[in-house]
Amino acid sequence: MKVAHIFVSFLAFVVILGSGCSRQPSSLFTPQPDSNSDITPKKNYEDLIVGYAQLGAESEWRAANTISIKETAENLGVELRFLDAQQKQDNQIVAIRKFIVQKVDIIGVSPIVETGWEEVFQEAKGAGIPIILVDRRAAVPEDLYVSYLGSDFLEEGRKSARIMADLVNGKANIVELVGTVGSAPANDRYTGFREILQEYPEMKIIDSESGDFTRARGREVMRRFLQKHGDEITAVYAHNDDMALGAIEAIEEYGLKPGVDIKIISVDAARGAFEAMIAGKLNAAVECNPLLGPQFFELALKVVNGQPVPKWVPSIEGVFFPEDASEILPTRKY
Ligand code: GYE
């Protein structure tokens, strides 16, 4: 596990250096190089007070993510102050301000959308409290957060398009179920998918609408797509499993066979997606790993102790298909 983390961190460094960007965090949050690694760290997990502004409980992914954060804190003995913002950015901002007043050591936040964070992050910086972005990025200058821990959403979009191209032999009328409007995963999964589609002129996105990453909204939007386009639709690209599961229900109601008449790909690869693949109703699941708790607290402790951390710690992710789903499902942790 340790070796894997070190490898991931090293990889992240290589990616950052290779990209040629100057990504040095500045001022207050500049992690102090470890001049002597034998020096005992100033704090242990038991001394850490962490404020965590979770964005909500919209999906199976989020449920697994929250459990991972809470369980890891408990196992490590970290004092965690956790808030579920119920899908509202304002609630996340209020939570961050509360953590600042409480003088926590460090704040973790999964920004519901990319924009609108600068002011409150500036306040945290002014109070000397570092911020780690977990799962979703925020569009802020790099000196306003210490590190981003999460997936490469652009690559997830690209992978989805490549797999879709194989499934439909380069020809399809696709409808897209977009995640929460303005969120990093929705923005990047949208863009990455289109990037690859340029190579396939006969794969067309005939409709695209947000289902807000929930099953209920996925079902509702898919019903509308079917009313509008009927059996012209040959494929669904869902930005997460929950929306795909909602779409599967709508397709069945409409009298078509999900996975057969209409090919479906979703991102996350949570338990529900595996069950749908086993039932032959989902054609592929692109993995997005929610189990970020261990990496988050490891990063948090390093930052609080002034050790250097990468600006981006990417998660390692795969792709799953129905043929292997029954064998793999029992090994899945979410
Ligand atoms: O894919 C979706 C969730 O931010 C990566 O948010 C996360 C996304 C995940 O609601 O299911």
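Since the structure is predicted, the reported quantities are computational estimates derived from the model, not experimental observations.

## Description of the environment of Glu202
Right, so step 1: For Glu202, the position within the fold is in the loop between helix 6 (184-197) and strand 7 (203-210).
Right, so step 2: The sequence separation of Glu202 and Ala172 amounts to 30 residues, and the corresponding C-alpha distance is 6.5 Å.
Right, so step 3: Look past the residues within four positions of Glu202 in its chain and what remains in contact with it is Gly170, Lys171 and Ala172.

## Describing the packing of aromatic side chains
Right, so step 1: In the structure shown here, the tally under the stated rule is seven aromatic pairs.
Right, so step 2: A centroid spacing of 3.9 Å and a plane angle of 10° characterise the contact between Phe193 and Tyr237, whose relative ring orientation is stacked. A residue pair is termed long-range when its members are at least 10 positions apart, and Phe193 in helix 6 and Tyr237 in strand 8 (residues 235-238) qualify at 44 residues. Comparing Phe193 with Tyr237, the two get one shared label, buried.

## A closer look at the sheet that holds strand 10 (residues 284-287)
Right, so step 1: Judged by pairing direction, the sheet is mixed, and its six strands sit side by side in the order 7-6-8-9-10-12 without closing on themselves. Both outer strands of the open sheet, strand 7 and strand 12 (319-320), are each paired with one neighbouring strand and no more.
Right, so step 2: Sheet topology note: the strand 6 (residues 172-178)/strand 7 ladder contains seven bridges and is parallel. Residue Val175 lies in a different strand from strand 7, and its bridge partner there is Asp207.
Right, so step 3: Helix 7 (residues 215-229) rests against strand 6, strand 7 and strand 8 of the sheet, and its axis sits at about 135° to strand 7.

## Observations concerning unusual backbone geometry
Right, so step 1: One non-glycine residue, Phe213, lies in positive phi territory at about 65°.
Right, so step 2: For Phe213, the location among the structural elements is in the loop between strand 7 and helix 7.
Right, so step 3: For Phe213, a relative accessible area of 3% corresponds to the buried category.
Right, so step 4: Positive phi outside glycine occurs at Asp268, with the angle close to 130°.
Right, so step 5: With respect to the helices, strands and loops of the structure, Asp268 is situated in strand 9 (residues 263-268).

## Quick notes on the site of the ligand
Right, so step 1: In the vicinity of the ligand lie 13 residues, with Glu58, Asp135, Arg136, Asn240 and Asp268 positioned nearest.
Right, so step 2: Arg62 is positioned such that a nitrogen or oxygen atom in its side chain is 3.0 Å from an oxygen atom of the ligand.
Right, so step 3: Measuring from an oxygen atom of the ligand, one finds a side-chain N or O atom of Arg189 at 2.9 Å.
Right, so step 4: Protein contact buries 100% of the 300 Å² of open area that the ligand shows by itself.
Right, so step 5: A molecule is said to occupy a pocket when more than half its atoms come within 2 Å of that pocket's grid points, and by this definition the ligand occupies the largest cavity.
Right, so step 6: Only helix 2 (60-76) and helix 6 provide two or more residues apiece to the shell around the ligand.

## Side note on helix 4 (residues 118-126)
Helical periodicity: at 3.6 residues per turn, an α-helix aligns residues three or four positions apart in one direction.
Right, so step 1: When we look at burial in helix 4, the residues that qualify are Val120, Phe121, Ala124 and Lys125. One side of helix 4 holds all its buried residues, which, seen down the axis, span an arc of 145°. Away from the buried face of helix 4 by more than 90 degrees, exposed residues Glu119 and Gly126 are located.
Right, so step 2: For helix 4, the secondary structure elements touched by its buried residues are helix 3 (89-101), strand 3 (106-109) and strand 4 (131-134).

## Quick word on the nonpolar core
Right, so step 1: Judged by nonpolar contacts, the single largest core of 66 residues is most densely connected at Ile96, Trp117, Phe121, Ile132, Met164, Ile174 and Phe296.
Right, so step 2: No other element matches helix 10 (residues 293-304), which puts seven residues into this core.
Right, so step 3: Taken domain by domain, this core gets at least three of its residues from each of domain 1 (45-151 + 290-315) and domain 2 (153-288).
Right, so step 4: With residues near it in sequence (within four places) discarded, Trp117 still touches Gln89, Gln92, Ile93, Ile96, Pro111, Ile112, Ala138 and Val140.
Right, so step 5: In this structure, Leu177, Val221, Leu226 and Leu282 belong to the second largest nonpolar core, which totals 29 residues.

How each quantity is defined
- Residues numbered from 1 in each chain as written.
- Predicted model: local features only at pLDDT ≥ 70, side-chain atom pairs only at ≥ 80, totals over all residues.
- Heavy atoms only, no water.
- Helix = DSSP H or I, 4+ residues; strand = E, 2+ residues; numbered from the N terminus.
- Contact = heavy atoms within 4.5 Å.
- Phe/Tyr/Trp six-rings, centres within 6.5 Å; stacked < 30°, edge-to-face > 60°.
- Buried < 20%, exposed > 50% of the residue type's maximum accessible area, 1.4 Å probe, protein only.
- Pairing = 2+ DSSP bridges.
- Axes fitted to C-alpha atoms, helices over the stretch in contact; angles between N-to-C directions.
- Near = heavy atom within 4 Å.
- Polar contact = N/O pair within 3.5 Å; in protein donor to acceptor, adjacent residues only side chain to side chain.
- Areas by Shrake-Rupley, 256 points an atom, 1.4 Å probe, with all protein chains shown as cover.
- 1 Å grid on protein atoms, 1.4 Å probe; cavity = no way out; pocket = protein on both sides within 12 Å on 5 of 7 lines; lining within 4 Å.
- Sits in = over half its atoms within 2 Å of the grid points.
- Arc of directions from axis to C-beta.
- Core = buried A, V, L, I, M, F, W, Y, C linked by side-chain atoms within 4.5 Å.
- Domains from an automatic or database assignment.

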